[in-house]
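Each chain, letter by letter, is given below.
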Amino acid sequence: AQQLSFHGAKGVKDQDLDGLPPTLLWLDLSGCYYLTDQGVQAAVQQCPGLVSLSLSGCSNVSDESLKTIGEICTNLKELNIMGCSKCTGLRIERLSQLGVTSILHETFHSPDPDPVVSYFVLFLLFLLF
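A short tour of the structure in this document, coming up. (Residues numbered from 1 in each chain as written. Predicted model: local features only at pLDDT ≥ 70, side-chain atom pairs only at ≥ 80, totals over all residues. Heavy atoms only, no water.)

## Some points on the sheet that holds strand β1 (residues 3-5)
The sheet built from five strands is open, its strands ordered β1-β2-β3-β4-β5 with parallel pairing. Here the strands that pair on one side only, and so sit at the sheet edges, are β1 and β5 (102-104). Taken pair by pair, the neighbouring strands of this sheet meet at an average axis angle of 0 degrees, ignoring direction. Bridging between strand β2 (residues 26-28) and strand β3 (residues 52-54) involves three bridges; their strand directions are parallel. (Pairing = 2+ DSSP bridges. Helix = DSSP H or I, 4+ residues; strand = E, 2+ residues; numbered from the N terminus. Axes fitted to C-alpha atoms, helices over the stretch in contact; angles between N-to-C directions.)

Laid out in structure tokens, this is it:
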């Protein structure tokens, strides 16, 4: 399997992510608000080839997860951290510098000339997948 979605599975906890297939390219953990940094870090260590990761609504996720994501997921291009209020702009900016081209977050300002349009387009693309 290359894609896996736990979207809206509110009861998912850190230990539920044990044994993820290392071939995953796309992982959606949106709305799994019981997940913590420990679970997210374990997930990305199991799936280092991720190109898309959604943590939208995972309010317990912080910069610690972003640091691990940046170190391990060197192919990551898309990251959704909407609603992850513990993630700061400094760590998000670092991910952008490492090559993550699409980052959705309330406080991150894209270097694009018109970030509002960029975010809207990215949001629509994300909804389609």
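## Notes on the pattern of salt bridges
Applying the stated criterion across every chain yields a total of one salt bridge. Linking Lys 67 and Glu 71 is a salt bridge whose minimum nitrogen-to-oxygen distance equals 3.9 Å. With Lys 67 and Glu 71 both in helix α2 (residues 63-72) and four residues apart, the pair spans about one turn of that helix. Residue classification places Lys 67 among the partly exposed residues on the basis of a relative accessible area of 36%. (Salt bridge = Lys/Arg side-chain N within 4 Å of Asp/Glu carboxyl O. Buried < 20%, exposed > 50% of the residue type's maximum accessible area, 1.4 Å probe, protein only.)

## Regarding the nonpolar core
Formed by 30 residues in total, the largest nonpolar core has its most connected members in Leu 53, Leu 55 and Ile 69. For this core, the secondary structure elements donating two or more residues are α1 (37-46), α2 and α3 (89-97). Element by element, the count of residues in this core is highest for α1, at three residues. What Leu 55 contacts, discounting residues up to four positions off in sequence, is Leu 29, Val 40, Val 61, Ile 69, Leu 79, Asn 80, Ile 81, Met 82 and Cys 84. (Core = buried A, V, L, I, M, F, W, Y, C linked by side-chain atoms within 4.5 Å. Contact = heavy atoms within 4.5 Å.)

## Thoughts on the state of the cysteines
The full count for this structure, using the stated rule, is zero disulfides. Cysteine Cys 47 is unpaired, with the sulfur of Cys 73 as its nearest cysteine sulfur at 8.0 Å. Here Cys 84 is not disulfide-linked; the sulfur of Cys 87 is the nearest cysteine sulfur, at 4.8 Å. (Disulfide = S-S within 2.5 Å.)

## Describing the environment of Asp 28
With respect to the secondary-structure elements, Asp 28 resides in strand β2. A sequence separation of 28 residues divides Asp 28 from Ser 56, and the C-alpha atoms of the two residues are 8.5 Å apart. In contact with Asp 28, not counting residues within four places along its chain, are Leu 4, Ser 5, Phe 6, His 7 and Ser 54. At 2.6 Å, the side chain of Asp 28 forms a polar contact with the side chain of Ser 30. (Polar contact = N/O pair within 3.5 Å; in protein donor to acceptor, adjacent residues only side chain to side chain.)

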